[in-house]
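A closer look at the structure
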Amino acid sequence: MPLIDPVTMSSSLTKGGAQLPTAKGKDAPSSEPTIQPIQIKPTPVAQAARHVFPLLLASLFALQFRPLVADPVSTMLTSLPVVALLQLAYVLVCLPAAGSQGGGASTASGKQKTGRKVRPGEKKKGMGGGAAAELVGPNAPVASILSLVLSVLAIPPLYIAFVCFGAPLYTLVAHTGLCAAHLAVLSLFPLFYVHGVDGGAWRAVGAFQAPFDEVFGGFVGAFVGAWLGAVPIPLDWDRDWQRWPVTILCGLYGGCLLGRVLGGSLFWGKRVA
Amino acid sequence: MAPPANLTKNKAPAPPDYKTIKKQFDAAKRAKAAQDAEQETTAVVDDEQARLRDRHKAALKIARKKSFEARWAWTAGFWLWMLCIHIVAIAYFTSGFLLTRLMLDEKSVCDAPPTLNASGPVDLLPAWNGKGTPDGGCWHPRTFQRAVIVLIDALRYDFTVPVGDGARFHDALPFMYKTSVASPEKAFLRPFIADPPTSTLQRLKGLTTGTLPTLADLGSSFAGTAIEEDNILMQLRDAGRRMVHLGDDTWESLFPGYFVGNLSHPEDSFNVWDLHTVDNTVMKHIFPLMDRTEDWDLLVAHCLGVDHAGHRYGPDHDEMTAKLRQMDAFIQDLTAKIDDDTLLIVMGDHGMDAKGDHGGESDDEVESALWMYSSRPIFGRTKSEFVEPPATAKIRPVNQIDLVPTLSLLLGIPIPFNNLGRPIEEAFAGPKGTAWDMLAAAERTTAAGIRRYQASYSAARGSDQAETPGSPAALWAKAESTYVKVAGQKKADWAAVHSAFAEYQAATLKKCKSLWAKFDLKSMAIGIVVMASGVITLLVYVNRDGDDDEEAIDDPELDLAEQSLQLLGHKPNAEDTAVQLEKTLVAAAMFGAFPFLLGGALQALHSGTGDWYRGVPFASLVSIVAVLVRLFEAQETIPSVFPKTAWGWMAVIFTLSQSIGFASNSYTIWEDSILLFFLTTFGVVSALTALRLPTLTQRTLGTFHSVVFILLGRLASVSKLCREEQMPYCTSTYYASATSSTSAPWQLVIPFLISLSLPTIIKGFLTPSRSYHGLAPGYINYAFRFGLFLAGVYWILDAADSGNWFPSLREKLLKNISVYLAQMILGTALVAGTTAFIWAPPSVAVVTTAEAGQTTKAKVAILGWGNAHGARYLFLLLNILTACFLLSKPMGGGALGLFTWQILSLLEILDLNSLTTSSPIGPTMLALLGTFHFFTTGHQAALATIQWDSAFIPLFTIRYPWSPLAVALNTLAGPIVATAAVPLVALWKTDPHRKGLLEKVSRALGVFVVYFAVEALATMAWAGHLRRHLMLYRVFSPRFMLASLVLVVVDIAGIVVALAGVRVNTLAVGDVFGWPSG
């Protein structure tokens, strides 16, 4: 009884996997973004700095914890420029800018960049001379500033996300906003720096299909940490550190640094199934 | 095969007629068959053979239909069994968990004071005239000849003392405070603390017997059974006193035959809408009675106006001010009529919370007021600073049970046997406040009575009273030795004796409160084990191997092949086993349960104990084991109950973390915020996962629906009613203000907004699958929209009635109109709606096109084929929704509207990510949504948030079973709508050729019920484990009750709404489009 059935035959209106594989097969090149893990620049400075910066951030957070509990808004406000500067230095020293050799930005042109598949710390012969110049190329400061601007632009959406998870809508605005700012600077800024506005790369990051590296690890860690940071808030322990958004910030920093370290070492190159 | 765009515009949609569609479909099919036959090379068709084939086909159709009906019946049977298991588990746990108190038959006797058994001298006071007789005073000198008790229901303590904050419920009832300050020897006012539960019936028991109520009695609040235990009224009756009662008829059911018939005037107590009838009756009849004091000895007048004003409007309302002023004037007038031999008591039985409701144990609910008045100087204060009544109920409160010994001793009757209260100081201290001997005597007599009761109770219960330091027994010994010592002194320090016995009373009361009637751990354990086994069974049931037809479903070739095989007489195996699974499960359950049920019943009959249910727990467990064995037998491999995908893990994490959270009072209190957190988490994950979808359209749609899902949840979460424990971090928005139970004017707009937008939104979800055909436009765009609109009109009328917007209108006119309107809406939604749902054709349109120049080659298309099941089933959801929409307040209606949109978004998300059939995430999210919207519709897991007034939306008075049903639909609107939506997980975007739908629906229902069963199990286990926790009755016990209730309701709705709906739907679709196998 093969009746003509326009609806069934059209793209996606019935369930079941029948049409899915074919569609996937057709769109395969664009739908399965293949982005490569970001490598820390092979320079000795960068290799040293990648360990120093997380330590610096962690000690900054530890030092600021008491003031943070006492007065979250002003502490978050004063520490934000410091964190931003640290992050700025980190991306400039350690990370390849979007579009540069080693940057994970352009996904479609993956083939021509075979030279990228280098283990961290391993010196690649082809990466001398011109390539090295490109690593610290003139676009790096511009890229970092642009990334910072983009991260700032991401604060309002992050604020809305906090509200959607249950943060108050129009009270404690400064608390939530600054928390969103820290999240943006810590997790999104390096991503903007290495991926720019490459839709494919961002899609892979958003869909958790990107391979783990320091940047992606820090991103995932920060969000998961911030999510877990909400857990102690309802408890009736009446502790000062339960104040909004101290726990979120703790989770955020802890998760981000853990994710950055693990993503850069243990899980480097691995993908979520 | 033409592209769809060509076809849609060719012909107007077919008229929404079942037969027309069927006819069109058959005609189209014939045309197609004819066309096919023409094309075939073997053009010669044998007539005989064709007829035979038609007959076969018809027979096959009937066989498949029958097979479906049989399988449906067995599936329903399985769910019925599951319901029984849940009920058994809940009943057993509850019987052990909810405290029960042993009722003792003993009564106090006038000439046998309890001090007879004490070690010290029997009497502390010198003998008085008429000692040992009711006339002179049985155990204590009689002070008053008669008493008038005016009970102002829900009189909160702060209503009676000056506060001066301008609130409408403050400073409106100043008379009692003023008299207490002006003439302290004639009157005193003190906070009067109720023992929860704060329902009137429980309070009256406490106020007359002096015992602590137990939660097990709570259920009888609507039935009202006579008090069998020793109580004040019983003592008065035995002493030959005459009693008169006016007002709330609860007294008549508690004390049947006690009151002088022709003088008493009981009034119906449950009509919350009526603020004045009861009070007017009281005031009309009480004053004549004051002139004929020779006709009665006790007059009980129970006013309900304040309570009803609280329930209906909340305390912060002009009606409350007016009511309190009326009461003030009434008490003032009554006081003027009190003679020297009469005691006047004005008291409340409980308070009310910020919205005017009660039932729980928050401070506002238990803090009531007690005022005693005598026209001659009787009362005293032991300290001068006690003259002014306490500013708040936290200072110098008395327990409500303290009234019992106080009143008994003042009226000269024995203190009821079960009493645990102590005499109130002011009543015995004498006008100068120095009569410590009287106080000590009253205290000692009362304490001796308590001791006698405790001895009897432990003898009956078989426990002993160890005399450890600090125990009541040790305190008693200490008090007696103090007494003996003091009695020998020249200048006796009676105050020391008084405080020693008071200490004993306090310790005993404390012990009784904590230990009252033991938890029956065995029954609780049985309940938990049965519930846990039920959860395991369901987990295995939903995770069993599929029928393996997933791959073949959409392959018409295969279907054709299968059909021809069946035509030749082959019976496919899949169908057989499928029918047999539920059948064998039910058989196994019966087989397991029956012998033990019967055995238990026979044994009970034989031994004459009457506990016919004694075999039930064992029968349940054996039947569960039998079903599990059968489930394992049905497949080769042991199914893994662990999820296989990230989505599955998410469902598990949501369910489990919430269950674990129930161990903490904080997570239980903030459950609404936690649910929002989970819902948003799901939305974010699904928005990100949408990025993995292959096409841009799918990615956009997936992200869009996810974002909508998140935003709707956050928007709905704005509608909330805070529970007391959430303060001060929470703002209630459900009513006009935190101290009101009426809607704000702007909230009345919400139902109209929903009626404007929701049908259009639903249309937007149906149009992409071309399912907005058949009955759908009329049903959704007109009937449903109009139903929502009328519900909005109802709430306008209700607000006009409550707010008295049109004083010129005849009284009750608006109420009459609104009640009939509500009845009409409910009748249309539930009765006519169900009929329409049964009758409705699938929401499809059959379109035939003739391609230009080729008249013989007709092309047939069915618009809406791809969502034939889902689009039609949606009608049922809308019916249920309309009923719940009316019964929820405007704010709740808005939340339910958002809920519906969320359901549709969720279905699209599930469909886009291919999560509809095998993943547990869909039903779990529905369960979370249902629970979430329990909170957004103005409820909390606290007894006080039950919106009792919803019983009066469609009715004038309490009527069974309709009133409880209305309250249930109001309270559990979220879970009920969610249950009705469960089949959509399997039916949405499903075409008529899809096989095994019933099985998929049953699985989805299984996952859905697992969520609620796990929650019930967790709350049970935690409540049992934390049974000595301070917050047991405030937090854990109400959450357990809610979880149990929701589980049972979800089970029932799963059978009556979801499964029955699927049956009707499948039959309707099958009759038009033929039956897929399986």
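Rules used throughout
Residues numbered from 1 in each chain as written. Chains lettered and ligands numbered in written order. Predicted model: local features only at pLDDT ≥ 70, side-chain atom pairs only at ≥ 80, totals over all residues. Heavy atoms only, no water. Salt bridge = Lys/Arg side-chain N within 4 Å of Asp/Glu carboxyl O. Helix = DSSP H or I, 4+ residues; strand = E, 2+ residues; numbered from the N terminus. Buried < 20%, exposed > 50% of the residue type's maximum accessible area, 1.4 Å probe, protein only. Phe/Tyr/Trp six-rings, centres within 6.5 Å; stacked < 30°, edge-to-face > 60°. Patch = residues over 30% accessible without salt bridge, like charges linked within 9 Å, V, L, I, M, F, W, Y side chains within 5 Å. Areas by Shrake-Rupley, 256 points an atom, 1.4 Å probe, with all protein chains shown as cover. UniProt positions renumbered as here; feature names shortened; annotations may be inferred. Axes fitted to C-alpha atoms, helices over the stretch in contact; angles between N-to-C directions. Parallel < 35°, antiparallel > 145°, perpendicular 65-115°, else oblique. Left-handed = near helix turned anticlockwise from the far one by under 90°. Contact = heavy atoms within 4.5 Å. Disulfide = S-S within 2.5 Å.

Okay, the pattern of salt bridges next. Residues and elements named next belong to chain B. In total, this model carries 36 salt bridges over all chains according to the counting rule given. A salt bridge links Asp 339 to Arg 146; its shortest N-O distance comes to 3.4 Å. Placement of Asp 339 in the loop between α10 (318-336) and β6 (342-347) and of Arg 146 in strand β1 (residues 146-152) is noted, with a sequence separation of 193 residues between them. Here Asp 339 falls in the partly exposed class, since its relative accessible area comes to 28%. Owing to a relative accessible area of 13%, Arg 146 belongs among the buried residues under this scheme. The shortest N-O distance in the salt bridge between Lys 323 and Asp 279 comes to 2.8 Å. Placement of Lys 323 in helix α10 and of Asp 279 in helix α8 (residues 277-290) is noted, with a sequence separation of 44 residues between them. Residue class for Lys 323 comes out buried when judged on its relative accessible area of 2%. Look at Asp 279 and you get buried, because its relative accessible area is 0%. It is possible to trace a salt-bridge network through shared partners that takes in Asp 363, Glu 367, Lys 394, Glu 724 and Arg 1034.

Moving on, we get to helix α12 (residues 403-411) of chain B. Residue and element names in this part refer to chain B. Summarising burial for α12: nine of the nine residues are buried, a large majority. Among all positions of α12, only Leu 403, Val 404, Pro 405, Thr 406, Leu 407, Ser 408, Leu 409, Leu 410 and Leu 411 are buried. Gly 412 sits one or two residues past α12 and shows a positive phi near 85°.

Bringing the packing of aromatic side chains into the picture now. Residues and elements named next belong to chain B. Applying the stated rule across the entire model yields 47 aromatic pairs over all chains. Between the aromatic rings of Phe 97 and Phe 1040, the centroid separation amounts to 5.6 Å while the plane-to-plane angle is 80°, which identifies the pairing as edge-to-face. Highlighted residues: Phe 97 in helix α3 (residues 47-97) and Phe 1040 in helix α34 (residues 1032-1073), separated in sequence by 943 residues. No difference in accessibility class separates Phe 97 from Phe 1040, as the two residues are buried. Ring centres 6.3 Å apart and planes at 15° place the aromatic pair Phe 786 and Phe 789 in the stacked group. Note that Phe 786 and Phe 789 are positioned in helix α26 (residues 776-803) at a spacing of three residues, about one turn of the helix. Residue classification places Phe 786 among the partly exposed positions, given a relative accessible area of 48%.

Time to look at a nonpolar patch on the surface. Residue and element names in this part refer to chain B. There is a patch of nonpolar side chains on the surface, built from Phe 594, Leu 598, Leu 602 and Leu 605 and spanning about 450 Å² of accessible area. Mapped onto the elements, Leu 605 comes out in helix α19 (residues 573-607). Exposure remark for Leu 605: the relative accessible area of 68% places this residue in the exposed category.

The subject of this paragraph is the UniProt feature "transmembrane region" (unreviewed entry) in chain A. All names here are of chain A. UniProt annotation of "transmembrane region" (unreviewed entry) refers to residues 48-65, 77-98, 145-165, 172-195, 215-235 and 247-268 when read in the numbering used here. With 82% helix and 0% strand, residues 77-98 has end C-alpha atoms that lie 29 Å from one another. Regarding residues 172-195, the helix share stands at 96% and the strand share at 0%, and the terminal C-alpha atoms are separated by 33 Å.

Turning next to the packing of helix α32 (residues 973-987) of chain B against α34(B). Residue and element names in this part refer to chain B. Where α32 contacts α34, the axes come no closer than 8 Å and their chain directions differ by 40°. It follows that α32 is oblique to α34 by the angle criterion. Crossing angle aside, the handedness with which α32 passes α34 is right-handed. Packed against α32, whose contacting residues are Pro 975, Ile 976, Thr 979, Ala 980, Pro 983 and Leu 987, the element α34 presents Val 1046, Val 1049, Val 1050, Ala 1053, Gly 1054, Val 1057, Ala 1058, Val 1062 and Asn 1065 at the interface.

Here we take up the pairing of strand β7 (residues 367-374) of chain B. Along β7(B), eight of the eight residues are buried, which leaves the element largely enclosed by surrounding structure. Residues Glu367(B), Ala369(B), Trp371(B) and Tyr373(B) line one face of β7(B) and the alternating positions Ser368(B), Leu370(B), Met372(B) and Ser374(B) line the opposite face, and both faces are buried.

Let's shift gears to the state of the cysteines. Residues and elements named next belong to chain B. The final tally for this structure, using the stated rule, is two disulfides over all chains. Between the sulfur of Cys 110 and that of Cys 138 lies a disulfide, 1.9 Å long from S to S. When the S-S torsion is -100°, as for the bridge of Cys 110 with Cys 138, the disulfide is left-handed. Of this pair, Cys 110 sits in the loop between α3 and β1 while Cys 138 sits in the loop between α3 and β1, and the two are 28 residues apart along the sequence. Each member of the pair Cys 110 and Cys 138 is classed as buried. Put simply, Cys 722 and Cys 730 are joined by a disulfide, and their sulfur atoms are 1.9 Å apart. One quick way to see it: the torsion about the S-S bond of Cys 722 and Cys 730 is about -80°, and its sign makes the bridge left-handed. A single burial state applies to Cys 722 and to Cys 730, both of which are buried.

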